[in-house]
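Understanding the architecture of this molecule
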Amino acid sequence: MAIDDPHELERAVPKLRFSEGISAYKPEHAARMGWSAKLFVRLWKYVPALRKIGRLLRYRF
C-alpha cells in the first residue's frame, strides 16, 4: 500500500498516531552494495520526489 501523507492512516484508524518516518535507504547500508546502488542512495536525498520512496513509517496506539 502506498500513501502520500503518513497521517492518512491516522484518519482511517482510530487511536493510531504517527510516530516517525525513517528512510529505508541509508548511506551506511549502501556500503555493502555495488557502486551504482551506492551512487543512487547518495543522490536519493537530493531529489524531493524520491525522499518519500522507501520510507518506513512507525505508528503507535
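Scroll up to find the structure this text is about.
Residues numbered from 1 in each chain as written. Predicted model: local features only at pLDDT ≥ 70, side-chain atom pairs only at ≥ 80, totals over all residues. Heavy atoms only, no water.

1. Structural notes on the overall build of the protein
Looking only at helices and strands, the protein features 4 helices and 2 strands. Along the protein, helices (α) and strands (β) appear in the sequence α-β-α-α-α-β when read from the amino end. For 61 residues, the compact-globule formula gives about 10 Å, and the C-alpha radius of gyration of the protein, at 14 Å, lies well above that figure. For the protein, the spread of C-alpha atoms along the three principal axes comes to 45 × 20 × 15 Å. (Helix = DSSP H or I, 4+ residues; strand = E, 2+ residues; numbered from the N terminus. Rg over C-alpha atoms; globule rule 2.2 N^0.38 Å.)

2. Re the side chain of E10
Looking at the element boundaries, E10 is found in helix α1 (residues 8-12). Although buried, E10 forms no salt bridge, and the nearest oppositely charged side chain, R17, lies 4.6 Å from it. One polar contact links the side chain of E10 to the main-chain amide nitrogen of F18, over a distance of 2.6 Å. (Buried < 20%, exposed > 50% of the residue type's maximum accessible area, 1.4 Å probe, protein only. Lys, Arg positive; Asp, Glu negative; His and termini not counted. Salt bridge = Lys/Arg side-chain N within 4 Å of Asp/Glu carboxyl O. Polar contact = N/O pair within 3.5 Å; in protein donor to acceptor, adjacent residues only side chain to side chain.)

3. With respect to a nonpolar patch on the surface
A contiguous nonpolar patch, built from W35, L39, L43, Y46 and V47 and spanning about 590 Å² of accessible area, is present on the exposed surface. Summarising the element assignment, L39 is placed in helix α3 (residues 35-44). (Patch = residues over 30% accessible without salt bridge, like charges linked within 9 Å, V, L, I, M, F, W, Y side chains within 5 Å. Areas by Shrake-Rupley, 256 points an atom, 1.4 Å probe, with all protein chains shown as cover.)

4. Re the packing of aromatic side chains
The final tally for this structure, using the stated rule, is 1 aromatic pair. Ring geometry for F18 and Y59: centres 5.6 Å apart, planes at 65 degrees, overall edge-to-face. One end of the pair, F18, is in strand β1 (residues 17-23); the other, Y59, is in strand β2 (residues 55-60), with 41 residues separating them in the sequence. (Phe/Tyr/Trp six-rings, centres within 6.5 Å; stacked < 30°, edge-to-face > 60°.)

5. Concerning unusual backbone geometry
A positive phi is found at K15, a non-glycine position, where the angle reads about 70 degrees. Overall, the relative accessible area of 65% leaves K15 in the exposed class.

6. As for the environment of Y46
With respect to the helices and strands, the residue Y46 is situated in the loop between α3 and α4 (48-51). Through-space distance from the C-alpha of Y46 to that of A30 is 16 Å; in sequence the pair is 16 residues apart.

Just distances and angles here, no functional claims.
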